[in-house]
Amino acid sequence: MAESSQSAGAWVPWDKKYEMGISMLDAQNKELVDLCNQFRTEIMRRGEGADWKIALGHALKGAVKYTKGHFVAQERMMQQIDYPKFQQHKRYHQEFVDMVASALEAFPRATMQSAFEFSSFLREWILSHVAHEDKEFQKYFFDPNRKKSS
């Protein structure tokens, strides 16, 4: 059974600090944490032949799904409330998309090392972007004093 983000031994345990209070976005971020943990668990079993490459393919597909759901929804919300850091946040999202696109393009030549690098990239994204950049948006989104769009 794949390791859940709720497991005490998870590589990236789910933490309240990742929650934004927007259920759809929180669910998508939880899926990303689960994907990251499952992927890491699979590649740590590297003694089992090419299974790590199947795991990498699954992680890449999951990352694409995340960009198409989470980024689109979050950017739409940002535009609706005139989030002042929208362009900067969108650039971060584009960097993620570019990294995933690069990994997809390199997939036929993937190595165990590149699989580990991609798992580290996902983990760093969660620890930096989700835990910090998304929190900036959350503060603005729920700020009772922000100017409301008409």
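Use the structure listed above.
Just so it is clear, the model here is predicted, and its values are computed rather than measured. (Residues numbered from 1 in each chain as written. Predicted model: local features only at pLDDT ≥ 70, side-chain atom pairs only at ≥ 80, totals over all residues. Heavy atoms only, no water.)

Participant: Describe in detail the overall build of the chain, supporting the description with residues and values.
Facilitator: Of regular secondary structure, the chain possesses four helices and zero strands. The N-to-C order of helical and strand elements in the chain reads α-α-α-α. Scaling as 2.2 N^0.38, a compact globule of 150 residues should have a C-alpha radius of gyration of about 15 Å, and the chain matches this with 16 Å. Dimensions of the chain, computed from the C-alpha atoms along their principal axes, are close to 55 × 35 × 20 Å. Going through the 150 residues of the chain one by one, you find that 41% of them count as buried. Here the contacts in the chain between residues at least 6 apart in sequence split such that 77% fall between residues at least 24 apart. In the structure as shown, the chain presents an accessible area of about 8500 Å², 54% of it carried by carbon and sulfur atoms. Taking the 21 positively charged and 20 negatively charged side chains of the chain as two groups, their mean positions are separated by 3 Å. (Helix = DSSP H or I, 4+ residues; strand = E, 2+ residues; numbered from the N terminus. Rg over C-alpha atoms; globule rule 2.2 N^0.38 Å. Buried < 20%, exposed > 50% of the residue type's maximum accessible area, 1.4 Å probe, protein only. Contact = heavy atoms within 4.5 Å. Areas by Shrake-Rupley, 256 points an atom, 1.4 Å probe, with all protein chains shown as cover. Lys, Arg positive; Asp, Glu negative; His and termini not counted. Charge placed at Lys NZ, Arg CZ, Asp CG, Glu CD.)

Participant: So what's going on with the nonpolar core? Residues and values would help.
Facilitator: In terms of nonpolar packing, the biggest core is built from 31 residues, with Phe-39, Ile-43, Leu-56, Phe-96, Phe-118 and Leu-122 touching the most fellow members. The set of elements that each furnish at least two residues to this core consists of α1 (23–44), α2 (51–80), α3 (86–106) and α4 (112–141). Residue contributions to this core peak at ten residues, all from α4. When neighbours within four sequence positions are excluded, Leu-56 is seen to be in contact with Phe-39, Phe-107, Ala-110, Ala-115 and Phe-118. In this structure, Ile-22, Met-77, Phe-86 and Phe-137 belong to the second largest nonpolar core, which totals ten residues. (Core = buried A, V, L, I, M, F, W, Y, C linked by side-chain atoms within 4.5 Å.)

Participant: Report on the packing of aromatic side chains, specifying residues and quantitative values.
Facilitator: We describe a pair of aromatic rings using the distance from one ring centre to the other and the angle between the two ring planes. Scanning all chains against the criterion turns up 13 aromatic pairs. Taken together, a centroid distance of 5.4 Å and an interplanar angle of 80° make the contact between Phe-71 and Phe-96 edge-to-face. Of this pair, Phe-71 sits in helix α2 while Phe-96 is found in helix α3, placing the two residues 25 residues apart along the sequence. With 4.7 Å between their ring centres and 55° between their planes, Phe-96 and Trp-125 make a pair best called tilted. Separated by 29 residues along the polypeptide, Phe-96 in helix α3 and Trp-125 in helix α4 bring together distant segments of the chain. You can call Phe-96 buried: its relative accessible area is 1%. A residue is classified by how much of its surface remains accessible, and Trp-125, at 8% relative accessible area, is buried. Among the aromatic residues, ring-to-ring pairing joins Phe-39, Tyr-66, Phe-71, Phe-96, Phe-118, Phe-121 and Trp-125 into one connected group. Lying over the aromatic face of Phe-141, Arg-146 brings its terminal NZ or CZ to 5.9 Å of the ring centre. (Phe/Tyr/Trp six-rings, centres within 6.5 Å; stacked < 30°, edge-to-face > 60°. Lys NZ or Arg CZ within 6 Å of the ring centre and 35° of its normal.)

Participant: A description of the side chain of Lys-135 should follow, citing residues and the corresponding values.
Facilitator: By the secondary structure assignment, Lys-135 is in helix α4. Lacking a salt bridge, the buried Lys-135 has Asp-26 as its closest oppositely charged neighbour, with an N-O distance of 7.0 Å. At 3.5 Å, the side chain of Lys-135 and the backbone oxygen of Lys-17 are in polar contact. Setting aside anything within four residues of it in sequence, one finds Lys-135 in contact with Lys-16, Lys-17, Glu-19 and Val-130. (Salt bridge = Lys/Arg side-chain N within 4 Å of Asp/Glu carboxyl O. Polar contact = N/O pair within 3.5 Å; in protein donor to acceptor, adjacent residues only side chain to side chain.)

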